[in-house]
Amino acid sequence: MAFSNTSILQLLLLLLSASWATSTSIEENFIQCLDDNSEHVIPISAVCAQTNSSFTSVLNSTAQNLRYLMPSVPKPQFIFTPLNESHVQAAVICAKMLGIHLRFRSGGHDYEGLSYASEIETPFIVLDLAKLRSIKVDIDDNSAWVQAGATVGEVYYRISEKSKTHGFPAGLCSSLGIGGHITGGAYGTMMRKYGLGADNVLDARIVDVNGKILDREAMGEDHFWAIRGGGGASFGIILAWKIKLVPVPETVTVFTVPKTLEQGATKILYRWEQVADKLDEDLFIRVIIQVTKAGLKGERTVTTAYNAVFLGDAERLLQVMNQSFPELGLTRKNCVETSWIKSVLYIAGFPSETPPEVLLQGKSLFKNYFKAKSDFVQQPIPETGLEGLWKRLLEEESPLMIWNPYGGMMANISESAIPFPHRKGNLFKIQYVTSWYEGNKEATTKHMDWIRGLYDYMGAYVPTSPRAAYVNYRDLDLGVNDKSNTSFSKASVWGAKYFKANFRRLVNVKSKVDPDNFFRHEQSIPAVLDEA
């Protein structure tokens, strides 16, 4: 029986595919493929398999949510840490060629662990961009090129090294990976002045589904639009962003004023709801709401802490506050004048004498079991609603809510300028968090049930068509894709919450740049409009 060359090749491919079934052969074939497709030598240490003694420490190194490090959660076959861009290209080429499911992370802060865990598709591997963290600041051009593995804190520090009057309007948490952070929007203390981090991106370098490196010109404006706020890991792998630096004053002022229920917290917060989005755009006052112990008996109460950054000196801040929000009772004694870079440390929760160099460590102050959800509020929640909220918070061990003000520049940017649609009409955004320290099923169920109940209660006070959510506060309760079969109708349930009307355009872009849905996860953008 004669065989054609094509038949022989197909038979060989079939035999090879069978040999790739085991994890060992997956790793060996991947490494061989990397060597064949990379311009640079790949050291053995760049691939860390489950059998390696360092595997757990590498996996856990930047992962924030311990829920996704539990033994029951599937782990990657191995972690590949590229040392340069050609390694990332090779990883995409090889994962595609060998049919290996690929996850990738820059900072590991994904709330639902999607960058380092996969509960819908195994086996899989993780591409960890931690070694790609170059930052090149060009003050004359008011810009910087920052690689995906750099943290937000590193970016801030390197900018401040070159100039005391330049900054960048991104996240409050200094250990966020800049690569993934901007793909969801990236908000921070200067959002009311300059918008989001994603609003201030000039260019990007990505690896597309074919393993090619594309910049803004090469990818085209639709693709460039999609990666700035359309959620991570759907449109390619971010290698680097070119960000636009913004002016900051030499002196900024910070303050934190706590108010407990016994100190009239309910009425003051109700007033904040009415003014927060209308304050001077140089002023960002968020409210951190927690359960604390107060009084001689140490009874539990709710504390609302007004945590703020003002782009100016204390004298002008007090004028603004006395005119717009005197109910808080801010005094000169509450105000701390500092530099912009030290305000970054302050808002991130570092002790007052901490040197800015700590930002180069990229260490997170937060690592436990947690579940988070989000809402956008367009009408003030009445005092009766707040009182019901306090009752529910007091039922939980370690609840946390953070209310972030909108208005200012956020109201002046179109909903369709980038995929992030939460603009004009929003007074503030709520982040709900519950955290715990025991990894057993009973504790997890208890706390998850509590936050879902709280979310149900708050449904009466937020818009419902859709009930919007922030994609960087990823929430799988909103819905998940079915393995590789990502349907538009199913994904549109959560897609409308994250992206509103922009979801359809994101699907169109995805269908063009990744029609076979190679870049996928539990809430990735679907590649086809399959409404029928």
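This is a predicted model, so every value here is computed, not measured.

A. Fine view of the sheet that holds strand β3 (residues 101–105). Pairing within the open sheet is mixed, and its four strands lie in the order β1-β2-β4-β3. Looking at which strands have only one partner, the edges of the open sheet turn out to be β1 (47–49) and β3. Neighbour-to-neighbour, the strand axes of the sheet open up by a mean angle of 25 degrees, direction not taken into account.

B. Representation of the state of the cysteines. All told, the structure shown has one disulfide when counted by the stated rule. The partner cysteine of C33 in its disulfide is C94, sulfur to sulfur 2.2 Å. Here the disulfide of C33 and C94 is left-handed, its torsion about the S-S bond being about -90 degrees. Placement of C33 in helix α2 (residues 23–37) and of C94 in helix α4 (residues 85–98) is noted, with a sequence separation of 61 residues between them. Owing to a relative accessible area of 7%, C33 belongs among the buried residues under this scheme.

C. Quick peek at the packing of aromatic side chains. Tallied over the full model, the rule gives 22 aromatic pairs. Centroid distance Y111 to F370: 5.3 Å. Interplanar angle 85 degrees. Geometry classified as edge-to-face. In this pair, Y111 sits in the loop between β3 and β4 (124–128) while F370 sits in strand β16 (residues 369–377), placing the two residues 259 residues apart along the sequence. Among the residues examined, Y111 registers a relative accessible area of 16% and is labelled buried. What links up through ring pairs into an aromatic cluster is the set Y111, Y187, F370, F420, Y470 and Y473. Directly above the aromatic system of Y457 lies the positively charged group of R392, at a separation of 3.8 Å from the ring centroid. The ring of W225 has R505 lying over it, and the distance from NZ or CZ to the ring centre is 3.9 Å.

D. Expanded view of the packing of helix α10 (residues 265–275) against helix α13 (residues 383–393). The contact between α10 and α13 brings their axes to 10 Å, and the two run at 125 degrees. Our classification of the angle between α10 and α13 gives oblique. Between α10 and α13 lies a crossing of right-handed hand. Residue-level contacts link T266, K267, L269, Y270 and E273 of α10 to E383, L386, E387 and W390 of α13. The class makeup of the residues in the contact of α10 with α13 is four nonpolar, one polar and four charged.

E. Looking closely at the nonpolar core. Membership of the largest hydrophobic core comes to 157 residues, with the highest contact counts inside it found for F30 and W403. Filtering out sequence-adjacent residues up to four positions away, F30 remains in contact with F78, F80, A91, C94, A95, L98, I100 and I125. Within the second largest apolar cluster, 19 residues are counted, among which are A63, Y68, Y116 and W436.

F. Region of the structure containing the sheet that holds strand β8 (residues 201–207). Sheet architecture is open: five strands sit in the order β5-β6-β10-β8-β9, paired in antiparallel fashion. Bordering the open sheet on either side are β5 (135–138) and β9 (213–214), each of which pairs with just one other strand. In this structure, β8 lies alongside β9, joined through two bridges in antiparallel fashion. Of the residues in β9, the one forming a bridge with I206 is L214. Those strands touched by helix α5 (residues 152–162) are β5, β6 (143–147) and β10 (237–244), and its axis lies near 35 degrees from that of β5.

G. Broad picture of the pairing of strand β17 (residues 399–405). Among the seven residues of β17, seven are classified as buried, and the element is accordingly described as predominantly covered. On β17, burial covers both faces: P399, M401, W403 and P405 on one face and L400, I402 and N404 on the other are all buried. The pairing of strand β13 (residues 283–294) with β17 spans four bridges and is antiparallel. Note that in β17 the partner of I289 across the bridge is M401. As paired strands, β17 and strand β18 (residues 428–436) are joined by seven bridges and run antiparallel to one another. Bridged to N404 within β18 is K429.

H. Quick look at unusual backbone geometry. Along the chain, T122 connects to P123 via a cis peptide bond; the corresponding omega equals -5 degrees. Tracing the chain through its elements places P123 in the loop between β3 and β4. In this structure, A186 takes a positive phi of about 75 degrees despite not being glycine. Looking at where A186 falls in the secondary structure, it is placed in the loop between α6 (178–183) and α7 (191–194). With a phi angle near 65 degrees, A233 is a residue other than glycine that sits in the positive phi range. Residue position: A233 is located in the loop between α9 (221–227) and β10.

About the criteria used
- Residues numbered from 1 in each chain as written.
- Predicted model: local features only at pLDDT ≥ 70, side-chain atom pairs only at ≥ 80, totals over all residues.
- Heavy atoms only, no water.
- Pairing = 2+ DSSP bridges.
- Helix = DSSP H or I, 4+ residues; strand = E, 2+ residues; numbered from the N terminus.
- Axes fitted to C-alpha atoms, helices over the stretch in contact; angles between N-to-C directions.
- Disulfide = S-S within 2.5 Å.
- Buried < 20%, exposed > 50% of the residue type's maximum accessible area, 1.4 Å probe, protein only.
- Phe/Tyr/Trp six-rings, centres within 6.5 Å; stacked < 30°, edge-to-face > 60°.
- Lys NZ or Arg CZ within 6 Å of the ring centre and 35° of its normal.
- Parallel < 35°, antiparallel > 145°, perpendicular 65-115°, else oblique.
- Left-handed = near helix turned anticlockwise from the far one by under 90°.
- Contact = heavy atoms within 4.5 Å.
- Nonpolar A, V, L, I, M, F, W, Y, C, P; charged D, E, K, R; others polar.
- Core = buried A, V, L, I, M, F, W, Y, C linked by side-chain atoms within 4.5 Å.

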